[in-house]
Amino acid sequence: YTVWNFVPKNLFEQFRRIANFYFLIIFLVQLMIDTPTSPVTSGLPLFFVITVTAIKQGYEDWLRHKADNEVNGAPVFVVRSGSLVQTRSKNIRVGDIVRVAKDETFPVDLVLLSSDRAEGTCHITTTSLDGETNLKTHYSVPETLVSQSVSRLEALHAVLECQQPDADLYSQNAEPLGPENLLLRGARLKNTKEIFGVAVYTGMESKMALNYKCKSQKRSAVEKSMNTFLLIYLGILLFEAILSTILKYAWQAENKWDEPFYNQKTEQERNSSQILKFISDFLAFLVLYNFIIPISLYVTVEMQKFLGSFFIGWDLDLYHEESDQMAQVNTSDLNEELGQVEYVFTDKTGTLTENEMLFRECSINGIKYQEINGKLVPEGMTDDLYCTHVCLFVSLSVTSQSREELLFLKAVSLCHTVQISYEQPGDGPGDPFSHANGFSSQMEYYASSPDEKALVEATKRMGVTFIGSHGEAMEIKTFGKPEKFKLLHVLEFDANRRRMSVILQTPTGEKVLFTKGAESAILPFTTSGEINKTRVHVDEFALKGLRTLVVACRHFSVEEYEEVDQRLHKARTALQQREERLAEVFSFIEKDLELLGATGVEDKLQEKVQETIEALRLAGIKVWVLTGDKHETAVSVSLSCGHFHRTMNILELVQQKSDNECAEQLRQLARRIKEDHVIQHGLVVDGASLSLALRGHEKLFMEVCKNCSAVLCCRMAPLQKAKVVRLLKTSPEKPITLAIGDGANDVSMIQEAHVGIGIMGKEGRQAVQNSDYAIARFKFLSKLLLVHGHFYYIRIATLVQYFFYKNVCFITPQFLYQFFCLFSQQTLYDSVYLTLYNICFTSLPILVYSLFEQLVHPHVLQSKPVLYRDISKNSLLSFKTFLYWTLLGFCHAFAFFFGSYILMGEDTSLMGNGQMFGNWTFGTLVFTVMVITVTLKLALETHFWTWMNHFVTWGSIAFYFIFSLFYGGIIWPFLHTQDMYFVFVQLLSSGSAWFAIIIIIITCLFPDIIKKVFYRHLQPTSTQKSQVGQRGRGGRLVSSPTATPHSSVVNAFRSRSNSDPFYSNDRSILTLSPMEATHC
């Protein structure tokens, strides 16, 4: 928005909503024809809703503008007219040379021209872009390397040819530059005093801006139900309007009613078109009954969602102390959807696991080693024999075994992109090699992947230490002896190759390639080494749940290296199809490899993953694990985290080569499931087989999956994850899906699912930025769904039903009144009451209810996941429940109208002076009974009373009385008629009226109370049973606000589980998470 377009643009957005547009049409009809109610009755509520929404959206947009201005107004220095000039970042133009100092953020996308380092490099962190905290090295353009002064840069004349702006953070096609020369907006300069760069992409063309994502357009099941109910009520409205119009003309067929003596027609009225009169009357009835469509429903729902979303962020149980991260809500529109989830799709690495890698085992030249107390010990060798083994290493024995081990450790300590940060006094970046002595206490490794960091730290413990890289030099210490290698080329990791390589020149001048990657990406290209033994060891590592990497090398002759160097240079400087050419060259280089060995790194499970998965299963939610890991590793982790049980029959659909083979395997699995009805089944699918299954056998695949209690998909590409989610989402049952992950590879899955949850992990913040909700740990998912989801759903479901109920109560007496006033479109209520009914008299109690209601205590919900099943499949907004609330509204409306009619209908004198009540008093009596009844009906539905509930419930009734006395006690000069003058005072002065009010309210609510009592005793739900248990033995202990040790709470649940059959079979009671005494 801007100041000029805010009003038209916001109005356009708001009137795209059916209800708002409908009320606008009604308002215009009231202005154009003679209608029974004032245009104010429709105009004021519409104006209120539009204004509140506009203020909310305007405020949110103002916050965005404020944040934009802070960034756009940040001071920067640019080179102009031979000197450094300070300006604002928004004034930078393409071609400007910008100076950035240490710890400053790059304001635009820059090509690095020079830095204060002699070799022209600089270190940056890209945390705000992709969440990676490692230091990345970027390089100056070779031609401008020496231009380190303002005068030299001012004299620089150059042409830079770039491709059109694109959103890919990791590509840069500019002659002859690559991504290592580009400094992206949002990244931060580290360990470098200052740099100069030329602006290439600015403003909305920078890569960070092109990665901005529009707000999610997901719609919840409740919103869809709400729209269906609105259409039904629109049908009721049209039916009432048409019926009233027809009955009016049927009644007026008699002359005495068509033109009574006291209301003679004018000549114009006699000659007017009957069709136009019919349409005009129909529109008038439409206006009279239009309040059956609750306009304020939308604004109340929006406020409930917006305000209710703060409770997730405020929940201390969702706060992770170690990382100082609390849960965050990116989309408040889906709060209630958290209570409807049927399938959870979760990533493995970083979501179920910590993404903290610990080196455990390795295989070198066909021999397995394990780390014991920081020592690499061959399998089967005792610790005592280890000293002799190390002596061989230190003396660098000429045996082939020790040479292979040493080469393996060197490969692991050199084949990576790890950076080192030194904690030192002073501002200078220092020379990495100056820390060769006493480095251990001062240096820290930074890596883009936790695997790399774990491996480099492991080789350091084993005696081969990576000391740092300086320009083209990489230095290691082999058992105290320093060695310098020249870094010639880095072949970066990519998802297609699944490996990365470095080409180095050894101290002896030999050119060697070290490569590491997944076994499927390395072993097919190896020609020597212990290939079969290593493959067996890799499978053994995977069975233990370890993440595996295979390490290999290739020695180049002089001629081979020259060819490799030329090919790499041509590919890197190509302006067209650079990615394809590089992939081709990399394939040419990474072949004829000599296998050195493999590593096994453990990624430990997050805390309480097993309990969380078990709780979700008890809640009726199926959990699918989608991971890129290999089959054996994924199955091992699934077993250890409780996703698969040891007793489960695990079915496999893996390594399928053709459509027919895949179909046959699926049919076999389906038969096995049908033949065995007792045992639980788990299914394992790999990426290749999944592609075949989704190609032509979707129905068969879905049938197998739905009969399995747990599904594991391994070797999955990011888009395959999204396809699996879409497959379930669009199946005939239309289940509500939730996807949870922590990495950029999970973004497509998170966006595809109904609800997307990002884990604030170590793989960056892309998942968090694209998610609807973000939490710090997987264990928080149980409370998010079982407690918050449960509460949000029951609150908004009751809110929607109650709104329709109170509007049926409101408008049905108006419809009934027409039978007693010859369908003359006389209104039953005063126009002020019509306007304020939904805005003031009945709005606050339901809003407060929808923010604070709790059917049962949160700890009971979390300890009894089965209660989640009570609200599944949108059960509280089913057609049966909707019909109940609608019929209840009609019944109460009939009681309001005919109860008041019985009191007044026989012309009874109800006032002390013998006078009788008039039509406005009758309408006010109906309205008074209605306001009190609908407010008390909500009070009956409320289980969790706070001081705020009491205040708004009784306050709303009191406000109605005070307002009516004030409104009817004064002659208002700006009103055309004083219909309501002294009406309310007269009504309250009659004892009969008070008696009627009390009797009608009891008549309406008493059957409802009886029904609730009978249903609770004859057909109680699990939730109602737990309410009884909560209020009974030990219930007070759970809900008491006083400080109680958490052990007492667990004991209370245990003691209850012994005596109450409802609790006896619940295994999750004993896994109730510990609570702080103050929280309890």
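Residues numbered from 1 in each chain as written. Predicted model: local features only at pLDDT ≥ 70, side-chain atom pairs only at ≥ 80, totals over all residues. Heavy atoms only, no water.

Q: Can you walk me through the overall build of the protein chain in this structure?
A: Helix and strand counts for the protein chain stand at 39 helices and 31 strands. For the protein chain, contacts bridging at least 24 residues in sequence account for 74% of all contacts bridging at least 6. Surface accessibility of the protein chain: about 48500 Å² in total, with carbon and sulfur atoms responsible for 58%. (Helix = DSSP H or I, 4+ residues; strand = E, 2+ residues; numbered from the N terminus. Contact = heavy atoms within 4.5 Å. Areas by Shrake-Rupley, 256 points an atom, 1.4 Å probe, with all protein chains shown as cover.)

Q: Looking at this structure, I do not really get the sheet that holds strand S11 (residues 343–346). What am I missing?
A: Strand-to-strand pairing in sheets goes through backbone hydrogen bonds, with the strands running parallel or antiparallel. The strand order S10-S31-S30-S29-S11-S25-S28-S27-S26 describes an open sheet built from 9 strands, whose pairing is mixed. Strands at the two margins of the open sheet, each flanked by one partner only, are strand S10 (328–329) and strand S26 (649–653). One ladder, built from 2 bridges, connects S10 with strand S31 (residues 773–775); its direction is antiparallel. Paired with Gln-328 across the bridge in S31 is Ala-774. (Pairing = 2+ DSSP bridges.)

Q: What is the right way to look at the pattern of salt bridges in this model?
A: Between side chains of opposite charge, a pair can form as their charged atoms come close. As enumerated under the stated definition, the model contains 28 salt bridges in all. Measuring nitrogen to oxygen at the nearest pair gives 3.6 Å for the salt bridge that ties Arg-567 to Glu-563. Placement of both Arg-567 and Glu-563 in helix H18 (residues 558–572) is noted, with a separation of 4 residues, approximately one turn of the helix. Assessed through its relative accessible area of 34%, Arg-567 is described here as partly exposed. Linking Glu-664 and Arg-671 is a salt bridge whose minimum nitrogen-to-oxygen distance equals 3.8 Å. (Salt bridge = Lys/Arg side-chain N within 4 Å of Asp/Glu carboxyl O. Buried < 20%, exposed > 50% of the residue type's maximum accessible area, 1.4 Å probe, protein only.)

Q: Help me understand the sheet that holds strand S6 (residues 136–139) in this model?
A: With antiparallel pairing, the 3 strands of this open sheet are ordered in space as S6-S5-S8. Two strands in the sheet have a free side with no partner beyond their single neighbour: S6 and strand S8 (188–190). Sheet twist, expressed as the mean angle between neighbouring strand axes with direction ignored, is 45°. Judged from the 3 bridges that link them, strand S5 (residues 121–125) and S8 form a sheet pairing that is antiparallel. Bridge pairing in S8 links His-123 to Lys-190. (Axes fitted to C-alpha atoms, helices over the stretch in contact; angles between N-to-C directions.)

Q: Would you mind showing me how to read the side chain of Asp-1008 here?
A: Within the secondary structure, Asp-1008 is located in helix H36 (residues 991–1018). At 2.7 Å, the side chain of Asp-1008 and the side chain of Tyr-884 are in polar contact. Dropping the residues within four chain positions of it, Asp-1008 is found in contact with Tyr-884, Leu-888, Lys-937, Leu-940 and Glu-941. (Polar contact = N/O pair within 3.5 Å; in protein donor to acceptor, adjacent residues only side chain to side chain.)

Q: Is there a simple way to explain a nonpolar patch on the surface in this structure?
A: Residues Leu-940, Ile-998, Ile-1002, Phe-1006, Ile-1009, Ile-1010, Val-1013, Phe-1014 and Leu-1018 make up a contiguous nonpolar surface patch of about 820 Å² in total accessible area. Looking at which element gives the most residues to the nonpolar patch, the answer is H36, with 8 residues. When you line up the elements, Val-1013 lands in helix H36. (Patch = residues over 30% accessible without salt bridge, like charges linked within 9 Å, V, L, I, M, F, W, Y side chains within 5 Å.)

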